[in-house]
Amino acid sequence: MSPVRYFLCWIGFLALGCIAHAQDVVVEAFLDASEISLGESTRISIRINSNTEADISIPHIPDVTVRHAGVSRSTTIINGVVSTRNTHSYLLTPEKPGTHTIPPFTVSIKRKEHKTQPLTLSVLPSSQKRDTELEGIAFIQIGMEKNALYVGEKTRVRLNLFTLMTARIEQIRSIPEISNDAVMLNPLGNSPQQATTEIEGKRYQVFSWETTLTALKRGLTTLEASAEIDVLTPTQRRSQGFPQSLFDDDFFGTTYTRTPLRVFSNTIELDIRPIPPAPEGKVFSGAIGKFGFTVEASPTELTAGDPITLTLKVTGTGNFDRVFHDGLTASDGWKIYSPQSTFTPSEKMPLSGEKVFRQAIIPTDPRITTIPTLSFTYFDPDKQDFVTIENKPIPIQVKAAPGQVIESPTVNPASDPESGDNPPDPSTRLVDLAVSLDRAYSSYKPVTYSVWFWVLMLIPILVVPLATYVPPAIIGRLRGPDNRKKKTMLHLEKEMEKALQSKNKTAYLEAASAYSCQILAEKWKVSPLSITTADIKFRCGNRYPGILTLFTNREVLHYAGMPERDLDMNALHQGLQSEWQTLQSI
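Residues numbered from 1 in each chain as written. Predicted model: local features only at pLDDT ≥ 70, side-chain atom pairs only at ≥ 80, totals over all residues. Heavy atoms only, no water.

## Examining the overall build of the protein chain
When its secondary structure is counted, the protein chain shows nine helices and 32 strands. If you take every contact in the protein chain between residues at least 6 apart in sequence, the share linking residues at least 24 apart comes to 71%. Put simply, the protein chain shows about 36600 Å² of open surface, and 54% of that area lies on carbon and sulfur atoms. (Helix = DSSP H or I, 4+ residues; strand = E, 2+ residues; numbered from the N terminus. Contact = heavy atoms within 4.5 Å. Areas by Shrake-Rupley, 256 points an atom, 1.4 Å probe, with all protein chains shown as cover.)

Here's what the structure looks like:
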């Protein structure tokens, strides 16, 4: 046989082998590990021996989350037979311990369905360790100042994640978290402190988060933190016969597989106790910790109808997010507005600092001489008792407003010691009145005799011609109040645009609230600083939901230190623009 014929025959047999092999479709399923612990994941591989594209239907697996993990393809030629293998990988994460049955996966190739064999996955409780090789690679440690708290009390918590430095830790998939509805953990930052330490002769990398924890429900409870990391573990090689892939040979060294690992902490017993009832006649402010309280007022000399700024300062250490104070309550002779609060922390965590309540109060009766006593009641967990701090009354001087008539108390002449037995002679008062009128008349001087009168008369004659030639820009500057208001509105609009671009919720809430106060103040003929959320609810009701949402979130910002997480600033801004246009057109 000639070499050409031999070569053609060899090509023909090879093509027939490929066609025969293409018709032989094999579908299999394999689990990397059939036994894992709760919180861990395993991989299932769907292996398809076919060079044709296949559609895979993922079955529903109760209490198991399935995620696609990629596709790999390999082609081999053995004794002239070409075989193509596609492997689809899926990550299985069980949600409950126990035995889980994985139903068959359905693979459709050229409108023909192929099914894999069912598999069984055993999931152990989180307390049981599955792989001894992963023990000691990582663990979490919880540190608390005390194990007994009162409902609403806040305390410092430190979470330390230890990872073995000799292990191959690829990444920290999730930061530590405590899943317990009896407490609330303040959000952890994404930039923990890092250090190294040695424990029992092993070097560990330590990631530390320091935050605060608030007790919510009374009773005994346990705290346990968990996190998820990715560990690189050596891949188990299958050396049966020829290597299934060229790179399966040991010549190319050890390969590694990413293995998710759930890390757990020590368990802490926590006793959460209820707060006893407040003493009779005392208003509990919600504060738990150690606090100081002072009251200031400015100005203290004024005219009836002018406002006084009452400043209440609460300083110390405790749960400032729950501290409130009503300020001066309504009483005769006063017009009272709701106080507004701001909080300034003295450290990175909102546990120590100063919370200031500012309240506008207006005396309407000039006979008022003092601002009444104000008190602040908090609960001291160390003393296990309530503490009340009272300030002294603040003296003020209030003058009567022009034209204000003050009703003086009726005096009985018979009981007046200065009047004597006989009432005063009315003719005496008339004589005094006549004399005073005579003195006023004798001191009268016509205004036309004054030099200042003629100077004032000449001013318009000189100013009017000059004003004709003054540029319009200068005239606009001379219009003080309106021009300042326009500048303020333009400045606030720029601040809102900057906050939206930088996604700064705090800056946007402040700028948008100030912008709304300018519009509402013009409509209500009041000062922008005096507008509160309560005023908006009373005057507007639910007609302007965007403005109400804005001021509610601003109160949350001042009260708790941060706005709502799910606040959509762009959607809120669009709604506010529509409501602002409506208010300005009314």
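## Details of helix α9 (residues 569-585)
With 17 residues, α9 extends 24 Å from end C-alpha to end C-alpha; this agrees with the ideal 24 Å at 1.5 Å per step. Within the span of α9, buried status applies to Met569, Leu572, His573, Leu576, Glu579, Trp580 and Leu583. Down the axis of α9, the buried side of the element spans an arc of 130 degrees, and every buried residue falls inside it. Counted as exposed and oriented over 90 degrees from the buried face of α9: Gln574, Gln581 and Ser585. Its side-chain oxygen placed 3.3 Å from the backbone nitrogen of Asn570, Asp568 serves as the N-cap of α9. (Expected span 1.5 Å × (residues − 1). Buried < 20%, exposed > 50% of the residue type's maximum accessible area, 1.4 Å probe, protein only. Arc of directions from axis to C-beta. Polar contact = N/O pair within 3.5 Å; in protein donor to acceptor, adjacent residues only side chain to side chain.)

## A few points about the pairing of strand β24 (residues 308-318)
In the sheet, strand β22 (residues 284-298) pairs with β24 via 10 bridges, with the strands oriented antiparallel. The residue bridging Phe293 from the neighbouring strand is Val314, located in β24. Bridging between β24 and strand β27 (residues 352-363) involves 10 bridges; their strand directions are antiparallel. Along β27, the bridge assignment pairs Thr315 with Glu354. (Pairing = 2+ DSSP bridges.)

## Overview of unusual backbone geometry
Note the cis peptide between Ser298 and Pro299, where omega equals -5 degrees. Position of Pro299 among the secondary structure elements: in the loop between β22 and β23 (301-303). In this structure, Asp63 takes a positive phi of about 60 degrees despite not being glycine. On the secondary structure map, Asp63 appears in the loop between β4 (55-57) and β5 (64-78). The backbone of Gln384 shows a phi angle near 55 degrees, a positive value even though the residue is not glycine. For Gln384, the position within the fold is in the loop between β29 (375-380) and β30 (385-390).

## What to know about the packing of aromatic side chains
Applying the stated rule across the entire model yields 14 aromatic pairs. For the pair Phe162 and Tyr204, a centre-to-centre distance of 6.4 Å together with 85 degrees between the ring planes defines the contact as edge-to-face. In this pair, Phe162 sits in strand β13 (residues 154-164) while Tyr204 sits in strand β17 (residues 202-215), placing the two residues 42 residues apart along the sequence. Taken individually, Phe162 and Tyr204 each receive the classification buried, so the pair is uniform in this respect. Relative to Phe320, the ring of Phe291 lies with its centre 5.4 Å away and its plane at 80 degrees, an arrangement referred to as edge-to-face. In this pair, Phe291 sits in strand β22 while Phe320 sits in the loop between β24 and β25 (334-336), placing the two residues 29 residues apart along the sequence. By the burial criterion, Phe291 is buried, and Phe320 matches it. The structure contains a cluster of three or more aromatic residues connected by ring pairs, namely Phe291, Phe293, Phe320, Phe343, Phe376 and Tyr378. (Phe/Tyr/Trp six-rings, centres within 6.5 Å; stacked < 30°, edge-to-face > 60°.)

## Topic: the nonpolar core
Most often, soluble globular proteins have nonpolar side chains that are buried together. Ranked by internal contacts, the top residues of the largest apolar core, which has 30 residues, are Tyr508, Ile536, Ile547, Leu576 and Trp580. Those elements that place two or more of their residues in this core are α5 (480-502), α6 (505-524), α7 (533-540), α8 (545-560) and α9. Among the elements that make up this core, the one with the highest residue count is α6 (10 residues). For Ile536, the residues in contact, after removing those within four places along its chain, are Leu520, Trp524, Ile531, Gly541, Ile547, Leu548 and Phe551. Core analysis: the next-biggest nonpolar cluster, separate from the first, contains 27 residues, Leu161, Ala182, Ala225 and Val231 among them. (Core = buried A, V, L, I, M, F, W, Y, C linked by side-chain atoms within 4.5 Å.)

## Let's talk about the environment of Leu31
Relative to the elements of secondary structure, Leu31 occurs in strand β1 (residues 26-31). Sequence spacing of Leu31 and Ile44 is 13 residues, and the spatial spacing of their C-alpha atoms is 4.5 Å. Excluding residues that lie within four positions of it along the chain, Leu31 makes contacts with Thr42, Arg43, Ile44, Leu92, Ile102, Leu119 and Thr120.

## Concerning the sheet that holds strand β10 (residues 119-124)
In spatial order, the strands read β2-β10-β7; together these three strands make up an open sheet with mixed pairing. Of all strands in the sheet, those with a lone pairing partner are β2 (35-37) and β7 (98-102), marking the two edges. If you compare each strand with its neighbour and ignore which way they point, the axes differ by 30 degrees on average. (Axes fitted to C-alpha atoms, helices over the stretch in contact; angles between N-to-C directions.)

## Section: the confidence of the model for the protein chain
Atomic detail in the predicted coordinates should be set aside for any region of low pLDDT. Per-residue pLDDT for the protein chain has a mean of 79; in total, 77% of the residues score no lower than 70. Low confidence marks residues 410-421, where pLDDT is under 50. Its contacts with residues over four positions away, or in another chain, come to three contacts. (pLDDT = per-residue confidence, 0-100.)

## Notes on the pattern of salt bridges
Under the criterion given, the structure shown has 15 salt bridges. Taking the shortest distance from any N to any O, the salt bridge between Glu153 and Lys146 comes out at 2.5 Å. Using a relative accessible area of 27% as the deciding quantity, one classes Lys146 as partly exposed. The salt bridge involving Asp321 is made with Lys154; its shortest N-O contact spans 3.5 Å. Of the two residues, Asp321 sits in the loop between β24 and β25 while Lys154 sits in strand β13, which places them 167 residues apart along the sequence. What you see here is one network of salt bridges that share partners, running through Arg173, Glu228, Asp230 and Arg262. (Salt bridge = Lys/Arg side-chain N within 4 Å of Asp/Glu carboxyl O.)

## Brief notes about the sheet that holds strand β18 (residues 219-223)
Strand order in the open sheet formed by three strands is β12-β21-β18, and the pairing between neighbours is mixed. Here the strands that pair on one side only, and so sit at the sheet edges, are β12 (148-150) and β18. When the angles between neighbouring strand axes are averaged without regard to direction, this sheet yields 30 degrees.

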